[in-house]
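# Descriptive analysis of the structure
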Amino acid sequence: QVQLVESGGGLVQSGGSLRLTCAASGRTFSRYGMGWFRQAPGKEREFVATISWGGGTTDYTDSVKGRFTISRDDARNTVYLQMNSLKPEDAAVYYCAASPLRGASSREVVYGYWGQGTQVTVSS
């Protein structure tokens with residue numbers, strides 16, 4: 001069992017930065033692939049970023065490549081999403097998710113554990 005709690009969301013101007021944090025419970029955090037997803041009003045939840053066991057593999061959706069960075073600190077049971085050069089279209093509720101798979105996956109179906117989400121608002 002893994003419980004996930006996101007934090008770090010808020011209101012930022014276009015071009016600004018935020019760092020989202022996902023704190024996980026459980027002693028086997030290092031054995032979970034982790035992902036970030038987001039859902040804007042009226043839209044389906046979409047993949048943002050993922051990181052494998054040990055952090056050796058990462059992947060991003062095209063719209064955030066070069067602007068967002070996912071990382072993990074297994075000693076702190078934490079995964080981060082550094083978001084730079086934010087755009088109004090990045091505004092959404094951001095969710096952290098955990099998967100028992102070793103690799104980094106963009107497939108929502110492999111993630112069995114989800115946080116409650118944190119709101120990111122970007123003003124133009």
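These numbers were taken from a predicted model, which means no experiment stands behind them. (Residues numbered from 1 in each chain as written. Predicted model: local features only at pLDDT ≥ 70, side-chain atom pairs only at ≥ 80, totals over all residues. Heavy atoms only, no water.)

## Notes on the overall build of the protein chain
Note the threshold: The helix count covers DSSP runs of H or I at least four residues long, the strand count covers runs of E at least two residues long, and both are numbered beginning at the N terminus. In this treatment the radius of gyration is a C-alpha quantity, and the globule benchmark scales as 2.2 Å times the residue count to the 0.38 power. Whether a residue is buried, partly exposed or exposed follows from its accessible area with a 1.4 Å probe, protein chains only, as a fraction of its type maximum: under 20%, in between, or over 50%, in that order.
Secondary structure assignment for the protein chain yields zero helices and eleven strands. By the compact-globule yardstick of 14 Å for 124 residues, the protein chain fits well, its C-alpha radius of gyration being 13 Å. Each principal axis of the C-alpha atoms in the protein chain carries an extent, and together these give about 40 × 25 × 25 Å. For the protein chain, buried positions account for 44% of its 124 residues.

## Considerations on the side chain of Arg72
How we decide: As used in this structure description, the phrase polar contact means that two N or O atoms lie within 3.5 Å; if the pair is within protein, one of them must be able to donate a hydrogen and the other to accept it, and residues adjacent in sequence are counted only when both atoms belong to side chains. Throughout, a contact is declared for two residues whenever any of their heavy atoms are within 4.5 Å.
Tracing the chain through its elements places Arg72 in strand β7 (residues 68-73). Judged by its relative accessible area of 14%, Arg72 is buried. Within the local environment of Arg72, its side chain forms a polar contact with the backbone oxygen of Phe29, the two atoms lying 2.9 Å apart. Here Tyr32 takes part through its backbone oxygen, which lies 2.8 Å from a polar atom of the side chain of Arg72. Not counting the four nearest positions on each side in its chain, Arg72 is found in contact with Phe29, Ser30, Tyr32, Gly33, Met34, Ile51, Ser52, Trp53, Gly54, Gly55, Thr78 and Val79.

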